[in-house]
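For reference, the chains in residue letters:
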Amino acid sequence: MKMENDDILITDSLEKKEILNYEQRIYIRDLFRDARAKALSNSENYGDLLFALEKLGNCLRGETSAIGALSRYKDKIIELASKSSLA
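Residues numbered from 1 in each chain as written. Predicted model: local features only at pLDDT ≥ 70, side-chain atom pairs only at ≥ 80, totals over all residues. Heavy atoms only, no water.

Packing of helix α1 (residues 22–41) against helix α2 (residues 47–61) leaves a shortest axis separation of 8 Å and a crossing angle of 165°. Taken together, the axes of α1 and α2 are roughly antiparallel relative to one another. Seen from above, α1 lies across α2 with left-handed handedness. Across from Tyr-27, Ile-28, Leu-31, Phe-32, Ala-35, Arg-36, Lys-38 and Ala-39 in α1, the residues of α2 making contact are Asp-48, Leu-49, Phe-51, Ala-52, Leu-53, Lys-55, Leu-56 and Cys-59. Taken together, the residues of the contact of α1 with α2 sort by class into twelve nonpolar, no polar and four charged. (Axes fitted to C-alpha atoms, helices over the stretch in contact; angles between N-to-C directions. Helix = DSSP H or I, 4+ residues; strand = E, 2+ residues; numbered from the N terminus. Parallel < 35°, antiparallel > 145°, perpendicular 65-115°, else oblique. Left-handed = near helix turned anticlockwise from the far one by under 90°. Contact = heavy atoms within 4.5 Å. Nonpolar A, V, L, I, M, F, W, Y, C, P; charged D, E, K, R; others polar.)

See the structure below:
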């Protein structure tokens, strides 16, 4: 079964509105993909994973420039991860 770009939406569970559009999802996916490859090649290259996690958290919170405490988006990331088929 082929899925279209808009068939999978990451939504806010309370407001049922789209949080990440298709382009944002692709951007975040690519950040994590690149960061994972760097970390696998050298275990000291985990900084890109933290950056990707911060970008995801900022997108989920609707922020564009805030960088800092990962605890600010912990709940949003946990909520998103719990919806995964891998959870």
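Note that Arg-25 resides in helix α1. By relative accessible area, Arg-25 is classed as buried at 15%. Within the structure, the side chain of Arg-25 is placed 3.1 Å from the backbone oxygen of Leu-20, a separation counted as a polar contact. (Buried < 20%, exposed > 50% of the residue type's maximum accessible area, 1.4 Å probe, protein only. Polar contact = N/O pair within 3.5 Å; in protein donor to acceptor, adjacent residues only side chain to side chain.)

We now examine the environment of Leu-50. Structurally, Leu-50 can be placed in helix α2. Separated by 20 residues in the primary sequence, Leu-50 and Leu-70 place their C-alpha atoms 8.8 Å from one another.

Here the structure, examined in full by the defined rule, presents four salt bridges. With a shortest N-O distance of 3.8 Å, Lys-83 and Glu-79 are connected by a salt bridge. The exposure class of Glu-79 is partly exposed, given its relative accessible area of 27%. Three or more residues are tied together by salt bridges with common partners; here these are Arg-29, Asp-30 and Arg-33. (Salt bridge = Lys/Arg side-chain N within 4 Å of Asp/Glu carboxyl O.)

The next subject is the confidence of the model for the protein chain. On average, residues of the protein chain carry a pLDDT of 77, and 71% of them reach 70 or more. Element-level pLDDT for the protein chain is lowest in strand β1 (residues 10–11), with a mean of 52, against a maximum mean of 93 in α1. Across residues 1–9 the pLDDT falls below 50, and counting only partners more than four positions away or on other chains, this stretch makes six contacts in the model. (pLDDT = per-residue confidence, 0-100.)

With that out of the way, let us pick up the packing of α2 against helix α3 (residues 74–82). The interhelical angle for the contact between α2 and α3, taken along N-to-C directions, is 90°, at an axis separation of 9 Å. Relative to α3, the element α2 is oriented roughly perpendicular. Of the residues in α3, those in contact with Leu-53, Leu-56, Gly-57, Leu-60 and Arg-61 of α2 are Lys-76, Ile-77 and Leu-80. For the contact of α2 with α3, the per-class residue count stands at five nonpolar, one polar and two charged.

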